[in-house]
Amino acid sequence: MVNVMGHKIDMAVNLGGIRMRNPVTVASGTFGYGQEYAGLVDVTRLGAITVKGIRLREWPGNPLPRHVEVPGGMLNAIGLQGPGVEGFARDYMPFLRTTGVPVIVNIWGADESEYAEVARRLGEVEGVSGLELNISCPNVKEGGSVFGTDPRAAASLVAAVRRATTLPLMPKLAPNVPDIRVFVRAAQEAGADALSLINTLPAMAIDIESRRPILANKVGGLSGSAIHPVAVKLVWEAAQAARVPILAMGGIMGPEQAVEFMLAGAAAVAVGTANFIDPGVFLRVIDGIEAYMRRQGLGSVRELTGAVICD
Amino acid sequence: MVDTMCEVVGHKPLTEVYREMDLSAPEIAGQARPGQFVHVRVPGIGAASLRRPFSIFGADCGRLKILYKNVGRGTAEMTRLRTGDKLQVIGPLGNGFPLEPEGEALLVAGGYGVAPLFFLAGRLPRAGVALIGGRAAADILAREDFERIGWRVRVATQDGSLGEKGLVTDLLDRELERLRQKGLRGEIFACGPEGMSRAVGERAAAAGMRGWLSLDKRMVCGVGACLACVQKLRRADGSTWIGRVCHDGPVFEAREIVW
């Protein structure tokens, strides 16, 4: 990438062993398996494609309604519907391999052994670049947040998956914990190569006429603009305890929020709910980060990480 | 499928709560098939608001028509749009109806469910019968539009304020009986509330006809990525799978659907 002045801008980042040619990916669950959006936008421009969470076997997810719009965002309780490892490798990896973009697979399970088995099997699938370990989904009874809100359970799980794979391993942390730094330390000591945050915030909406929860699952996860400042604060705190790179997400609607995350300490960012509203948003984010660097006279996007000034 | 900025070129009330909006959208209109839909980013409801899906009511000469009911925050804001205003539209999306019915085409519409069926009526090889139902006279739309293109129209309202008092499925029962007595074949196309679609599907199966149902589910992404609008479906071999109404539908054959 060369600007009009011939000033070269280096957009590449290394997310714990996942080599991205720019710091922008998509949040798991908001971009399917990439192919759904391929007819609409150039998905090969992404720094990485992060796919929907998968467990060992096919999983049906939750009953409907699975979503509701709320001011500043939405609640979802999809419940991690997915094709299982084999279905994913068979039905979705062929397209993903054609993109030439690193593929991050979000994984989950009911217990440590399932997580580890999913990780082991994905290590045998050509084209998988890294694993995002989902220890913070608010919408499933097993797995998910059971591990995400107890630092010892999180550390034990990360260690178990670490033993099962040499792929870059990136636990996705829950936002609803008293001190995120405890989980940052627990995860990296157990062998995490990178950290991903934040997952959606546990939330609820009630239909006042019927007096019933709107989501069939009763509760779900809040995402979108509303959670962005919460996420910035958590990323900033996490970065102070982290030795490994951070992938930040939560309410990115354009390049401004992406830059904010990087200044707070993120090495890379993921666009989530905004994909549903504007499928081309990640292109604006990539181009906008570059424009920001040019304005600031910076040469490498890596200079942005943690560059917030706190006098 | 494209994501494009469209200009409003026409916008008029049809009844108190229903409106028709015409958009200049050559790329979408040129590709659109009956039963497909568009996903609209409504200006003025906040940048973080989700898109709204609308069935295509018509697509001709670069123009796209949608028909909508003012039911919430998004559609309320849409009523304020004027000629010359612009909005971002993804489309055409979804699979659409098949266009080669066996025998007579029976269209069954509930409320704004007439939208995709009127578009379909104009593209089918022969005119058939359009059965339109609603709660009251104000919910009966596009009746004259069907008649203008040579379709026979029957109307039912639950309060009896227009046409027959009763449900649109009562009208369907009568048409099915007529075909049965004459030994004629038919194929059913329906769009309306879930209860209506389900009742129509049962009748199609009982009559041994194909029944194509366009499902109305709340959507988020519109392209099959988010899994918010799923429907349990049955394959020919009896095994089941979970389809996405936005991507694998919104039109399914009645026997495919596991209610």
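Residues numbered from 1 in each chain as written. Chains lettered and ligands numbered in written order. Predicted model: local features only at pLDDT ≥ 70, side-chain atom pairs only at ≥ 80, totals over all residues.

Enquirer: Give a detailed account of the overall build of chain B, specifying residues and quantitative values.
Expert: Along its length, chain B carries 6 helices and 15 strands. Over its C-alpha atoms, taken along the principal directions, chain B stretches across nearly 55 × 45 × 30 Å. When each of the 259 residues of chain B is scored for burial, the buried share is 51%. (Helix = DSSP H or I, 4+ residues; strand = E, 2+ residues; numbered from the N terminus. Buried ≥ 20, exposed ≤ 12 C-beta atoms within 10 Å, placed from the backbone.)

Enquirer: Please set out the overall build of chain A residue by residue, giving values where relevant.
Expert: Summing up its helical and strand segments, chain A has 11 helices and 16 strands in all. For a compact globule of 311 residues, the expected C-alpha radius of gyration is about 19 Å, and chain A comes in at 18 Å, within 12% of that figure. Counting all 311 residues of chain A, 57% fall into the buried class. Put simply, of all contacts in chain A between residues at least 6 apart along the chain, 72% involve residues at least 24 apart. (Rg over C-alpha atoms; globule rule 2.2 N^0.38 Å. Contact = placed C-beta atoms within 7 Å.)

Enquirer: Residues and numbers for the pairing of strand S1 (residues 2-13) of chain B, please.
Expert: Residue and element names in this part refer to chain B. As defined by bridge partners, S1 adjoins strand S6 (residues 86-93) across 6 bridges and the pair is classed as antiparallel. In the strand pairing of S6, threonine 4 is matched with valine 89. Relative to strand S2 (residues 18-24), S1 is paired through 6 bridges, and the arrangement is antiparallel. By the bridge assignment, lysine 12 is partnered in S2 with glutamate 20. (Pairing = 2+ DSSP bridges.)

Enquirer: Quick one: what's the story with unusual backbone geometry, residue by residue and with numbers?
Expert: A cis amide bond links leucine 64 of chain A with the next residue in sequence, proline 65 of chain A, at an omega value of -5 degrees. Mapping proline 65 of chain A onto the fold places it in the loop between strand S4 (49-54) and strand S5 (67-70). Residue isoleucine 198 of chain A is bonded to the preceding leucine 197 of chain A through a cis peptide linkage, with omega at 10 degrees. Structurally, the position occupied by isoleucine 198 of chain A is in the loop between strand S10 (195-197) and strand S11 (201-204). Backbone geometry places cysteine 61 of chain B, a non-glycine residue, at a positive phi of 50 degrees. One can find cysteine 61 of chain B in the loop between strand S4 (52-60) and strand S5 (63-69). Despite not being glycine, alanine 142 of chain B has its phi angle at roughly 65 degrees, a positive value. By the secondary structure assignment, alanine 142 of chain B is in the loop between strand S8 (129-134) and helix H4 (143-148).

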